[in-house]
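Okay, here's what each chain looks like letter by letter:
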Amino acid sequence: MMTLLILAVLVLGLMVVFRLSRVADLTNELRGSRQEHITERTNWLQGRLMWLFGAVYLILFVWLPYAYSDVFLPTAASEQGVWIDNMYTYNWWLLGIVFFLTNIALFYFAGRYYHRDGKRAFWYPHNNKLEMVWTVVPTVVLVATIIYGIIVWNRITAAPAPGTMQVEVYSKQFDWTFRYAGKDGKLGATDYRLINAENPLGIVTRKALAARLAGLKEEAAKATADRDAQAHVLPEDLLKEKDKDVAHLNRMVERLLGLQALMEQDIKDNGDNSTYLHGADDKVTKEFHLPVDTDVELLFRSQDVIHSAYLPHLRAQMNTVPGMTTRINIKPTITTDSMRVITNNSEFDYILMCNKVCGISHYNMQSPLTVETSGAFKVWNIVLPVFEKPGAATAQVAEPAAGTKEESAAQTEPGTNK
Amino acid sequence: MSAVVHPQAADNSGHAHADLHQHKQSFVSKYIFSHDHKMISKQFLITAIVMAWVAMIMSIMFRLQIAYPGESFAFTHFFLGDKWAPNGVLSPSMFLGLVTIHGTIMLFFVLTGGLSGTFANLLIPLQIGARDMASGFLNMLSAWFFMAASVMMLSSLFVESGPAAGGWTVYPPLSVLPQAIPGSGTGMTLWLFSMVLFIIGSLMGSLNYIATVLNLRTKGMRMTRLPLTVWGLFLTAIVGVLAFPVLVSAVVLLIMDRMLGTSFYLSEIYIAGEALDNMGGSPILYEHLFWFLGHPEVYIVILPAFGISSEIISTMSRKPIFGYRAMIGSLMAISFMSFLVWAHHMFITGMNPFLGAVFSFTTMLIAVPSSIKVFNYITTLWRGNIIFSPAMLFSIGMVSTFIVGGLTGIIVANAALDIQVHDTYFVVAHFHMVMGVSAIFAMMAAVYHWFPRMYGRMMNTKLGYWHFWGTMIAAYGVFIPMHYVGIGGGPRRYYEYTEFPMFQGHFMDLNVMITVFACMGGLMQIIFTYNFFHSIWYGQKAVENPWHSNTLEWTAPVEHVHGNWPGPLPVVHRWPYDYSKPGKPDDFVPQTVPLEEGEEDEGN
């Protein structure tokens, strides 16, 4: 009811305004005035409005970031972030100066040179010297800015030194999983066909692959038997679906057998250096910790669609793309505890969030990040269960309850990662 | 059909023939299956206005949700009903749908179809002195493909699983897998086929514009005497012809991945408890193909805007555009370079960092021609004699918003800086400023300026003033604070920010501010829409050359005639910007006035 009332008032109000303007028009028309005849007084007024708008605009433009300064991110918490922030400072100054000069000129000239009857504009079709100046100057300034930018970019994206600690960040709808290397300091091979509740990242080891193969074969056999049993009762289209399922499972088995052969060959060729032997002691967890003042290479993979790992406080971001591994270098420089002091906020946490639209719960795909001293990091890391305990029957994942729920449930249930 | 007239055929013989063809036309041949470029331009414009309203109402609905998460709005419920807005609260999946379709409609249907479609059709033949487009039939088809694409896009809003919801860039695998998001079902299929229709229409239009500009210029109309509007529209058409087909290929591959089980963009995906068969594809391939169109597309949007604002600023300042040749040169440079910058959308996709450096470099350089344009606009205003028609106000507004958007472009072009703000609201604010608001302002300017040419009547100037100032304040009120939301790390396409302690307090205050200004901006367009439609029927009758302009379209009679000029085509003797030329009695000299003895022509 209230809405209807507001709507009615709005519509009536607009109608009144339009009618009034029509009345004004008609009287003006009777006096012989025309829409395109804009009087000197109107031009003066519009010119003054240009000045007013320009002035208020520029003042508010300065006031806004001042009044809302707490919206900005706190100081950069990584070495790379500091480089980026320094370049921001340079760019803000440069752009700020150009912004003010051009806007002041634009609004000032617009208001200053409003139409006066009997006056003529200045004939000034071109001036090659002037145009040369404002071609060359921006070119030089921009080239300098680009070179600075590319130097920083190359430093950020450089290949890591050998032996740099690697951490895997794994994304799926709608949460994050992390993988740390075990005693061997290396992350093992993965394959998406090995993903299941026990092995959410699809780590490939001899044991995991054998288990998955056995499971798949069983599934395939079951599906075939099921199909054959119903072959004479099912309508053709449903039967075709069943055939598809069987073919898919058989294909999976075949491909995993191929993978198995590949793995055995690799182990034969490379011995202990084979990446298939590095996965057993990997640690898979739902918690994200990084040691301070340590160079880290973050590796990103995705299970389903493109996500983006965004760490605003560290000024770091990289897309995670299904089918490929992406990477960045990061060296956190401020621990979570120090940042709590800096921000004067005892509940402050670094946040990893998804920044590429990935589905319905995109807005809540997040995970806190703890940056701590390397001592504290080691204490936290050492107690994480390894993927395959030597001799243990099944693989283990820390806090399996949080992440390995029914995959499909995550879609219909926003915010599984609170 | 009686309307089969080939005016061009008769042109060269110089016969006055057009008046012979003022035969009665049926409603259908005059308004629906019209071959006349003036009627087709009106069809484009009115379709675009309808689409713009749809997109704007969408933006208000999702802005309300962002600023007031979880609150009920009768407005939202009225448009979306119980299914998509239970209890008046926008649902998360429809939120993404609205964001996606808003972007698609604004970029393709309003600022490509609406802006180039309308004004290329209206202005190219009239400003170069042609009877009509090179092919009236193709031109009609282009309008009807545009219309069909619009209907198909809108129909995707009504399907069971909702419209496409993966963002207007529709990146795979999200856009391929209905398991990943419901919008990737029928809605996505409709989106893809709508885009194919749109592109076919756009290509037919563009080829026509190019052929017309190259072949049908009247006597004396050298390329260096073309108004900058025609230059802008001409280069836009060239960019469109080169870029759009690449999008078709990207879309066709996407359709194949969706329907035929191919793996162009898919690899190693485990979703909904199942490992898919697809191996070996790459979503990055799609991103390259998409942005190879996607980036030139933003220049397809802004080049006509440059042309329009150049023309209006010069006319209403009563002063020649400063640096006519530099303006043409920078338009050409921008068109050429628009093909060399696409991967700056992909700095953080895992593309080779070396490419990041290369594309950073080329992208920064495109700022040079853009800054030349801004300096030239400002110099044109300097010591002018500015008549503030609504069109002029919008043109100045366009320069102002283009400055802001252009400058923030220097931030996002820098690969290292982009890491921090990529996909945040900073980027949203940047592109809305530089090509959203700027191009819309230019489009508004063009509507006010050429309305008498289109409808033979004047729009109301006073309402135009209210519309301009309201829109200007709203536009800045929306997009300046939005930059700070992005600098604060606010990601785009988030349904709500309630789950993040860092996005509370002042961060949400900024969002409320943005939404309030967005609603104000929406209301202001009611004034425009009323003014527009009211003036079509009841506006003051126009005179032949209301703005005392030099260009040829104002030498044609107010009443539209088939073939534009009754009698022979006008002959051009000078460039279009002889405003306030010393030694002339009036402050304008139409292009049809012969040069005096010893007089120099700037367009020579």
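Since we're looking at a predicted model, the values are computed, not measured. (Residues numbered from 1 in each chain as written. Chains lettered and ligands numbered in written order. Predicted model: local features only at pLDDT ≥ 70, side-chain atom pairs only at ≥ 80, totals over all residues.)

### Things to note about the interface of chain B and chain A
Interfaces are often sized by the amount of accessible area the parts lose when they come together.
Moving on, step 1. Listed as interface residues are 113 residues of chain B and, on the opposing side, 107 residues of chain A.
Moving on, step 2. A per-element tally of the side of chain B that touches chain A places helix H16 (residues 461-487) of chain B first, with ten residues.
Moving on, step 3. Residue composition of the side of chain B that touches chain A, grouped by class: 72 nonpolar, 28 polar and 13 charged. (Contact = placed C-beta atoms within 7 Å. Helix = DSSP H or I, 4+ residues; strand = E, 2+ residues; numbered from the N terminus. Nonpolar A, V, L, I, M, F, W, Y, C, P; charged D, E, K, R; others polar.)

### Observations regarding the domain arrangement of chain A
Residues and elements named next belong to chain A.
Moving on, step 1. Taken as a whole, chain A is organised into domain 1 (38-157), domain 2 (164-199 + 280-418) and domain 3 (206-278).
Moving on, step 2. Contacts between domain 2 and domain 3 engage eleven residues on the former and eleven residues on the latter.
Moving on, step 3. In the side of domain 2 that touches domain 3, the residues fall into four nonpolar, two polar and five charged. (Domains from an automatic or database assignment.)

### Details of the pairing of strand S9 (residues 350-354) of chain A
Residues and elements named next belong to chain A.
Moving on, step 1. Burial analysis of S9 places five of its five residues in the buried class, the great majority of the element.
Moving on, step 2. Here S9 shows two buried faces, one formed by Tyr350, Leu352 and Cys354 and the other by Ile351 and Met353.
Moving on, step 3. Alignment of strand S6 (residues 307-311) against S9, held across two bridges, turns out to be antiparallel. Among the inter-strand pairings, Tyr310 is bridged to a residue of S9, identified as Met353.
Moving on, step 4. As paired elements, S9 and strand S10 (residues 366-372) share four bridges and run antiparallel to each other. When the bridges of S10 are listed, Leu352 appears paired with Ser367. (Buried ≥ 20, exposed ≤ 12 C-beta atoms within 10 Å, placed from the backbone. Pairing = 2+ DSSP bridges.)

### A word on helix H4 (residues 128-157) of chain A
Moving on, step 1. Relative to the 44 Å expected for 30 residues at 1.5 Å per residue, H4 of chain A spans 42 Å between its end C-alpha atoms, a close match to the ideal helical length.
Moving on, step 2. Along H4 of chain A, the residues classified as buried are Glu131, Pro138, Leu142, Thr145, Ile146, Gly149, Val152, Trp153, Ile156 and Thr157 of chain A. (Expected span 1.5 Å × (residues − 1).)

### Considering the confidence of the model for chain A
Moving on, step 1. Mean pLDDT over chain A: 89, with 93% of residues reaching 70 or higher.
Moving on, step 2. Low pLDDT, under 50, characterises residues 399-418 of chain A; the stretch is placed with 37 contacts to residues that sit more than four places away or in other chains. (pLDDT = per-residue confidence, 0-100.)

### Looking at unusual backbone geometry
Moving on, step 1. For the bond running from Gln173 of chain A to Phe174 of chain A, omega is -5°, close enough to zero to count as cis.
Moving on, step 2. Mapping Phe174 of chain A onto the fold places it in the loop between strand S1 (165-172) and strand S2 (175-180).
Moving on, step 3. For Arg318 of chain B, which is not glycine, the phi torsion reads 55° and is therefore positive.
Moving on, step 4. For Arg318 of chain B, the location among the structural elements is in the loop between helix H9 (283-317) and helix H10 (324-337).

### Quick look at the environment of Met204 of chain B
Moving on, step 1. The topology assignment puts Met204 of chain B in helix H7 (residues 186-215).
Moving on, step 2. Beyond its immediate chain neighbours, meaning those up to four positions away, Met204 of chain B contacts Leu138, Leu141, Ser142 and Phe145 of chain B.

### Focus: the nonpolar core
Residues and elements named next belong to chain B.
Moving on, step 1. Val301, Ala439 and Ala445 are the most contacted members of the largest nonpolar core, which totals 299 residues.
Moving on, step 2. It is helix H15 (residues 425-455) that provides the largest number of residues to this core, a total of 22 residues.
Moving on, step 3. Here Ala439 is in contact with Leu111, Leu115, Val301, Ile302 and Ala305, once residues within four sequence places are set aside. (Core = buried A, V, L, I, M, F, W, Y, C linked by C-beta atoms within 7 Å.)

### Concerning the packing of H16 of chain B against helix H17 (residues 506-538) of chain B
All names here are of chain B.
Moving on, step 1. One way to put it is that H16 packs onto H17 with a least axis distance of 8 Å and a crossing angle of 155°. What the angle tells us is that H16 and H17 run roughly antiparallel. As H16 packs across H17, the resulting crossing turns out to be left-handed.
Moving on, step 2. Its residues assigned to classes, the contact of H16 with H17 comprises 19 nonpolar, eight polar and no charged. (Axes fitted to C-alpha atoms, helices over the stretch in contact; angles between N-to-C directions. Parallel < 35°, antiparallel > 145°, perpendicular 65-115°, else oblique. Left-handed = near helix turned anticlockwise from the far one by under 90°.)

### Thoughts on the sheet that holds S10 of chain A
Residues and elements named next belong to chain A.
Moving on, step 1. If you walk across this open sheet you meet the five strands as S4-S10-S9-S6-S7, and the pairing is mixed. On the outer flanks of this sheet lie strand S4 (288-291) and strand S7 (316-320), each paired with one strand and no other. Ignoring strand direction, the axes of neighbouring strands in this sheet form an average angle of 25°.
Moving on, step 2. Along the sheet, helix H8 (residues 374-382) contacts S4 and S10; its crossing angle with S4, the most-contacted strand, is approximately 140°.

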